[in-house]
Amino acid sequence: MRGVGEDTDIVEKEMYTFRDRGGRSITLRPEGTAPAARAYLENKLYAGPQPVKLYYLGPMFRYDRPQAGRYRQFHQFGVEVFGSQHPGVDAEVMALAMDFYRRIGLSGLELHVNSVGCPACRPAMRDRLREYFRPMLDELCPNCRQRYERNPLRILDCKSARCTELARQAPTTADCLCPDCRAHFAQVQQYMHDLGISFIVNPRLVRGLDYYTHTAFEIMAPGIGAQSSVGGGGRYNGLIEACGGPPVPGIGFALGLERCLLALENQRRLPAVQPGPDVFVATAGERAAREGFILLAGLRAAGVAADLDYQGRSLKAQMKYAGKLGVRYTVILGEEELEKGTVTLRDMASGSQREVAESEIVQVLAGLRPGR
RNA sequence: GUGGGUGUAGCUCAGCUGGUUAGAGUACCAGAUUGUGGCUCUGGGGGUCAUGGGUUCGAAUCCCAUCACCCACCCCA
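Note that the structure is a prediction, hence the values are computed from the model and not measured. (Residues numbered from 1 in each chain as written. Chains lettered and ligands numbered in written order. Predicted model: local features only at pLDDT ≥ 70, side-chain atom pairs only at ≥ 80, totals over all residues. Heavy atoms only, no water.)

Some points on the confidence of the model for chain A
Considering every residue of chain A, the mean pLDDT works out to 88; 94% of them sit at 70 or more. Taken together, the stretch residues 1-8 has pLDDT below 50 and engages in 14 contacts with residues farther than four places along the chain or on a different chain. For this predicted complex, the interface score ipTM comes out at 0.82, while the overall pTM is 0.84. (pLDDT = per-residue confidence, 0-100. Contact = heavy atoms within 4.5 Å.)

Re the packing of aromatic side chains
Both the distance between ring centres and the angle between the ring planes are used here to describe each pair of aromatic rings. One pass over the structure, following the stated rule, counts 11 aromatic pairs. Judged by centre distance (4.5 Å) and plane angle (25°), the ring pair of Tyr-40 and Phe-82 falls under stacked. Of this pair, Tyr-40 sits in helix H2 (residues 33-42) while Phe-82 sits in strand E4 (residues 73-82), and the two are 42 residues apart along the sequence. The burial state of Tyr-40 is the same as that of Phe-82; both residues are buried. Taking the centre distance of 6.4 Å and the plane angle of 50° together, the rings of Tyr-55 and Phe-77 count as tilted. On the criterion of sequence distance, the pair formed by Tyr-55 in strand E3 (residues 52-61) and Phe-77 in strand E4 is long-range, its members being 22 residues apart. (Phe/Tyr/Trp six-rings, centres within 6.5 Å; stacked < 30°, edge-to-face > 60°. Helix = DSSP H or I, 4+ residues; strand = E, 2+ residues; numbered from the N terminus. Buried < 20%, exposed > 50% of the residue type's maximum accessible area, 1.4 Å probe, protein only.)

Brief notes about the state of the cysteines
Evaluation of the coordinates by the stated rule reveals 0 disulfides. Considering cysteine sulfurs only, Cys-141 is the nearest to Cys-144, which forms no disulfide, with 3.5 Å between them. No disulfide involves Cys-163; its sulfur sits 3.6 Å from that of Cys-141, the nearest cysteine. You can call Cys-163 buried: its relative accessible area is 0%. (Disulfide = S-S within 2.5 Å.)

Shown next, in the form of structure tokens:
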């Protein structure tokens, strides 16, 4: 975590840290960008063809007090591109994120985009902000008074009503960008237009740490509680170097899967869960039960999702159970069928039944493709 | 880290200002003529009332503490 920074909140409050049996201090990863950067460095991926495009998907951890949309263990999907500062890559990364949301069925999202400058324009940006806020310093919230010293950019981001009010006339990042950053941001926007992706330029969107440069973006979903961000990312041209590597540019995004689920639920777009098996094997009598057990294995081997009763239920109860499972077909096997070498195939929706030779039932059901 | 709320059956909850064997709906199980689900009816199983203390003749109910969960603040690398 060395590369991430030493903000006290991050280290002391949000990281999930504990001691293991050997007394070592263990911290569960809170996000994926730093690990991805480490992978890039440790495996010397900068020595190969650039850019390098990576993705990750997995559990992350933070020790906050939980609330709606914020869990101590959650899952993130993210991508990182190392080794290119081309503005088209910025657009590509944002497009990939938006395409993901679109494909899972989310709509009405807001993509906020900004440029937070680079080491060349950041000092001037800070100076101008300090200059602006100096006369109203004691009107700012205690938090922002600290931000004034440490990172005045973040004052723009404050949610306190008074600070927001005071910051209304403040110079924005857009006013302070150096020519290079301004050009880069303009091109990013042009590429976004080329891709037909709508976005909102939000000059108050800020990323805290120094290795963030140029593009910053965040995707908001209304209606899922106080934690409305479903994903975000940005360019970090200083990160690899800050981690002890060569000066390689990078950009990426991460999105929270649980928040996507919350948003899907809120929009009533959660897909129905796949119901249970497609076929149930109901039997009557001991011999039939054994025969059914073998038949079940045959069905499964043929790729049919099937199940049977292990609770010793009566045939009637088995039918009831099959109904609750929601299967489309029930195969009924009892003494009568055993005598004739057949099974009864019942369509649960219509209630119609027909006799099928036991030797053919697997093939018949596999052919019916009872799955979705 | 700060504030508020909630913990009673698998699930959703009721249980008034302390008073008999803690309830409902739902789910589960079994029956309603012998081998057939969905509707209905009947019966049944199931709770250390979050945990630990305390007050009281008596606590699910009142008090304290702890834990967990929920919501918000903070923050979001």
